[in-house]
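Observations on the three-dimensional arrangement
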Amino acid sequence: EAPRSPGGPRRVIARYPHAMLVALAGGVGAARFLRGLVRVVPPAEVCVVVNTADDETFHGLTVCPDLDTVTYTLAGAEHPEQGWGLDGESFRTIEALGRYGADTWFRLGDLDLATHLFRTERLRAGATLTEVTAEITAAWGVEPRLLPMSDDRVATRITVDRGDHHEVLRMQEWFVRERSAPPVVAVEFDGADRARPAPGVLEAIDAAETILVCPSNPIISIGPILAVPGVREALEARRDRVVAVSPIIAGATVKGPADRLMGPLGIDVSCVGVARTYAPFCSTLVIDERDAGRAAEVAATGIRPVVAETLMTDARVAAALARHTLDAVA
Ligand code: GDP
Ligand code: CA
């Protein structure tokens, strides 16, 4: 296949023939971890497979929250507290849209909009999400290779309890518009059964020295990646080389709604619940020091526990955690 744009996605992709490390990633938890990882390994040796089931169309634009969170964080351009968007962002455009009665509950910054405009235009011109992602990361000087889990549309749908009836919400409606408040009944990944892994995803998993499962939401960040046909099997085949970091510390999430999803789906909100969920395809789980007392329960699920400081308060802690995680399967 010939490059479809000047400068060519092909050329960008060809810079990373053999990723040594593959990381499965959602948004903010993953981004924090990856920021540490690129401090302890050559960034060009990292291939990140990113969840796209949170993607949504707003105002006609294709928005990919997890891809953008990882991109902006690796570029050092992320908003320091928010967990999404760019540092120093303004919101004049989204506010102006409110004049026309458009929905403004999903905040899109003025600078962030440039990414969505560019991506949408490139997709409309026939580029794949894989190609556009390579172009966007190259433009930000991000060295690791970022792959969407799939170029096909997969969408997380959350069934919630409205008291007298159930309603199916789009992920962003539940998470952002309704602030994760409605009780969850079920989670589905619409389109996952027909989705194909993006080009390079299975090859990267097969060839990687180590596969890292970032401290991301197990249900709606890692879950959709596993739901893409072929991915779970590829990981199972490499189980000895798969290591995860628990996103749950002392029975609580650090950020985000993982607890609002795990509980209703019958998964214990703890590192033990994470261990049970990951054990079929993962050999080692890094759990937090605060959970050291639960190591035996984790081991009983068939996964090897390794204890470390996992609360990534800054990039230095994240780098130490990345080092520990790699050493855990050395
Ligand atoms: P989202 O798509 O932005 O929600 O991002 P992720 O799925 O990647 O991250 C959300 C998960 O990351 C939550 O379950 C958090 O508990 C977890 N997380 C965030 N920061 C940290 C941290 O410093 N340490 C650990 N262990 N988990 C974290
Ligand atoms: Ca997300």
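Below you will find a few notes about this structure.

Criteria and cut-off values
- Note that residues are indexed from 1 along each chain, following the sequence as it is written.
- Written order determines the labels here, with chains lettered from A and ligands numbered from 1.
- Note on the predicted model: pLDDT of at least 70 is required for a residue's local features to be given, and 80 or more for side-chain atom pairs to be given and counted; whole-chain, interface and lining totals, by contrast, use all residues.
- Only hydrogens and water are set aside; all other atoms, that is, all heavy atoms of the structure, feed into the side-chain values.
- Being near a molecule or strand, for a residue, comes down to having at least one heavy atom within 4 Å of it.
- Each polar contact in these results corresponds to two N or O atoms within 3.5 Å; when the atoms are within protein, one needs to be able to donate a hydrogen and the other to accept it, and residues that are neighboring in sequence are counted only if both atoms are side-chain atoms.
- Shrake-Rupley sampling with a 1.4 Å probe provides the accessible areas, and residues are treated as covered by the protein chains on show and by no other component.
- Counting from the N terminus, the helices are the DSSP runs of H or I reaching at least four residues and the strands are the DSSP runs of E reaching at least two.
- Basically, the charged four are Asp, Glu, Lys and Arg, the nonpolar ten are Ala, Val, Leu, Ile, Met, Phe, Trp, Tyr, Cys and Pro, and anything else, Gly included, counts as polar.
- Ligating atoms shown are N, O and S within 2.8 Å of the metal, or 3.2 Å for Na, K and Ca, and water is not included, meaning a site may look less than complete.
- Note on classification: 1.4 Å probe, protein chains only; a residue is buried when its accessible area is under 20% of the maximum for its type, exposed when over 50%, partly exposed between these limits.
- Here, any two strands with at least 2 DSSP bridges between them count as paired.
- Fitting a line to C-alpha atoms yields each axis, with helices limited to the stretch in contact; the angle taken between N-to-C directions then spans 0 to 180 degrees.
- Whether two residues are in contact is decided by their heavy atoms: any pair within 4.5 Å suffices.
- A helix is expected to span 1.5 Å for every residue after the first.

So, about the site of ligand 1. As a matter of local geometry, ligand 1 sits amid 21 residues, with Ser216, Asn217, Ser221, Pro247 and Thr310 nearest to it. In this structure, an oxygen atom belonging to ligand 1 sits 2.9 Å away from a main-chain N or O atom of Gly27. Here Met312 contributes a backbone N or O atom positioned 2.7 Å from an oxygen atom of ligand 1. Its free accessible area being 590 Å², ligand 1 has 94% of it covered by the protein chains. Element by element, the count of residues in the shell around ligand 1 is highest for helix H2 (residues 28–40), at 4 residues. Residues belonging to the shell around ligand 1 are distributed by class as follows: 9 nonpolar, 9 polar and 3 charged.

Let's shift gears to the coordination of the calcium ion (ligand 2). Protein coordination of the calcium ion (ligand 2) is provided by Asp54 (OD), Asp66 (OD) and Asp66 (OD), with donor distances spanning 2.1 to 2.7 Å. Separated by 12 residues along the polypeptide, Asp54 in the loop between strand E2 (46–50) and strand E3 (56–58) and Asp66 in helix H3 (residues 65–74) bring together distant segments of the chain. For Asp54, a relative accessible area of 6% translates into the label buried.

Take the sheet that holds strand E10 (residues 242–245) next. Across the sheet, which stays open at both edges, the 7 strands sit in the order E5-E2-E1-E9-E10-E13-E14 with parallel pairing between neighbours. The two strands at the open ends of the sheet, each matched to only one other strand, are strand E5 (145–148) and strand E14 (304–308). Sheet twist, expressed as the mean angle between neighbouring strand axes with direction ignored, is 25 degrees. When strand E9 (residues 210–213) meets E10, the two strands line up parallel, connected through 3 bridges. Looking at the pairing, Ile211 lines up with Val242 of E10. Sheet contacts for helix H12 (residues 271–278): E9, E10 and strand E13 (284–288); angle to E13, the most-contacted strand, approximately 170 degrees.

What follows deals with helix H14 (residues 315–327). In an α-helix, one full turn covers 3.6 residues, which means residues spaced three or four apart are oriented alike. Under the 1.5 Å per step criterion, the end-to-end length of H14 is 18 Å for 13 residues, consistent within 8% with the ideal 18 Å. Looking only at H14, the buried set comprises Ala315, Val317, Ala318, Ala319, Leu321, Ala322, Thr325 and Leu326.

Of note, Ile303 is situated in the loop between helix H13 (295–300) and E14. Given a relative accessible area of 2%, Ile303 falls into the buried group. Separated by 229 residues in sequence, Ile303 and Leu74 have C-alpha atoms that sit 30 Å apart. Not counting the four nearest positions on each side in its chain, Ile303 is found in contact with Arg239, Ala275, Tyr278, Ala279, Cys282, Ser283, Thr284, Leu285 and Val298.

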